[in-house]
Amino acid sequence: MIRSMTAYASRSAAGASGQLTWEVRSVNQRYLEASLRLPEEFRALEPDIRARLKDRFSRGKFDVTLRYQPDPSSASASLSLNEPLAESLLARHRDLAELAGDSAPPDLVRLLAWPGLVAEQRPDFEAEQANAMALLDDTLGALLAAREREGAAIVEMLEPRLDGILEQAGIVREHLPAVRTALETRFRERLEGLGADIEPGRMEQEIALQLGKLDVDEELDRLEAHVAEVRRVLTLDEPVGRRLDFLMQELNREANTLGSKSVATETTGVSVELKVLIEQMREQVQNVE
């Protein structure tokens, strides 16, 4: 199945201690290249993320972003009181109050700032990282499906243009007999106009030589063969972008040769139309994985 390199996917889910959101964008690139933006707590996942991309894709430039929004209720629930330390601090407060002859209650707000009195229990980020990777798999699956949809649209664009190339080749084949007859007549008139005594055999050889230089049967055959190969490649279940790009170059080469050999208005127009069709396909093929 043909896949485009241009696509976007996003997925969100609640993790163990917050909200996770992946965004992945891909555009065309000669090789596979990934730019990752991860919160500090998830930077250890970078090698695994790159491995997942290489497993699923062969080409493209990927922008991968993970956003993590901690759950406030989870954060507050993770605070714990160091009770032994709190009891010791209150006892020392009472001792100090007795020595000072003062019965003022302790300032609890200031006591909370005592180092180590309140401890923050960090969430289990191994579990959260596992949740993030599971969500990434879902996101990459959606990205792959989007690339396949875009690929199907590219195929729909290529097919009528491939038909157009065959149609233009048919126009040339239709006009070839008349063009050859006109050229032969023109060559005979020019040779006879020289007024020289030319042997009939020599004249036939010269005419055959000139017609051979302008013959485009081979170019038309190769155009049709390249179209058939493009259609075959479009059915392959593997990355074919580079192969299609090469075939576009071959099609363009035949169109240029056809134009250089053109001696009639019909074939000149066909060469121009072929170049337009091939360029339209080449622009789309640049996006194929």
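Residues numbered from 1 in each chain as written. Predicted model: local features only at pLDDT ≥ 70, side-chain atom pairs only at ≥ 80, totals over all residues. Heavy atoms only, no water.

Engineer: Which parts of the structure should I look at to understand the nonpolar core?
Structural biologist: A general feature of soluble globular proteins is that nonpolar side chains tend to end up buried together. Core analysis: the largest hydrophobic core is formed by 32 residues, its most contacted members being Ile165, Leu220, Val230, Leu234, Leu244, Leu251 and Met281. Counting only elements with at least two residues in this core, the list comes to α5 (125-193), α7 (217-233), α8 (241-260) and α9 (265-285). If one sorts the elements of this core by residue count, α5 sits on top with 9 residues. Each residue touching Leu234, except ones within four places of it in the same chain, is listed here: Ile2, Val155, Leu158, Glu159, Leu162 and Leu244. Core analysis: the second largest hydrophobic core is formed by 27 residues, Leu45, Phe125, Ala132 and Leu135 among them. (Core = buried A, V, L, I, M, F, W, Y, C linked by side-chain atoms within 4.5 Å. Buried < 20%, exposed > 50% of the residue type's maximum accessible area, 1.4 Å probe, protein only. Helix = DSSP H or I, 4+ residues; strand = E, 2+ residues; numbered from the N terminus. Contact = heavy atoms within 4.5 Å.)

Engineer: What is the right way to look at the pattern of salt bridges in this model?
Structural biologist: When the charged atoms of two side chains lie near each other, side chains of opposite charge can form a pair. The final tally for this structure, using the stated rule, is 21 salt bridges. Between Glu23 and Arg67 there is a salt bridge, and its shortest N-O distance comes to 3.3 Å. Of this pair, Glu23 sits in strand β2 (residues 18-27) while Arg67 sits in strand β4 (residues 60-70), and the two are 44 residues apart along the sequence. Given a relative accessible area of 17%, Glu23 falls into the buried group. One salt bridge in this structure joins Arg222 and Glu218, with 3.6 Å as the shortest N-O distance. With Arg222 and Glu218 both in helix α7, this residue pair falls 4 residues apart, about one helical turn. Looking at Arg222, the relative accessible area reads 32%, which means it is partly exposed. Through salt bridges that share partners, Glu218, Glu219, Arg222 and Glu254 make up one connected network. (Salt bridge = Lys/Arg side-chain N within 4 Å of Asp/Glu carboxyl O.)

Engineer: Which parts of the structure should I look at to understand the packing of α7 against α8?
Structural biologist: How two helices sit against one another is set out by the angle between their axes and by the gap between those axes. In the contact formed by α7 and α8, the axes pass within 10 Å of each other and the chain directions differ by 165°. In this view, α7 runs roughly antiparallel relative to α8, as classed from their interaxial angle. The element α7 and its partner α8 pack so that their crossing is left-handed. Residue-level contacts link Glu219, Leu220, Arg222, Leu223, His226, Val227, Glu229, Val230, Arg232 and Val233 of α7 to Arg243, Leu244, Leu247, Met248, Glu250, Leu251, Glu254, Thr257 and Leu258 of α8. Across the contact of α7 with α8, the residue classes tally to 10 nonpolar, 2 polar and 7 charged. (Axes fitted to C-alpha atoms, helices over the stretch in contact; angles between N-to-C directions. Parallel < 35°, antiparallel > 145°, perpendicular 65-115°, else oblique. Left-handed = near helix turned anticlockwise from the far one by under 90°. Nonpolar A, V, L, I, M, F, W, Y, C, P; charged D, E, K, R; others polar.)

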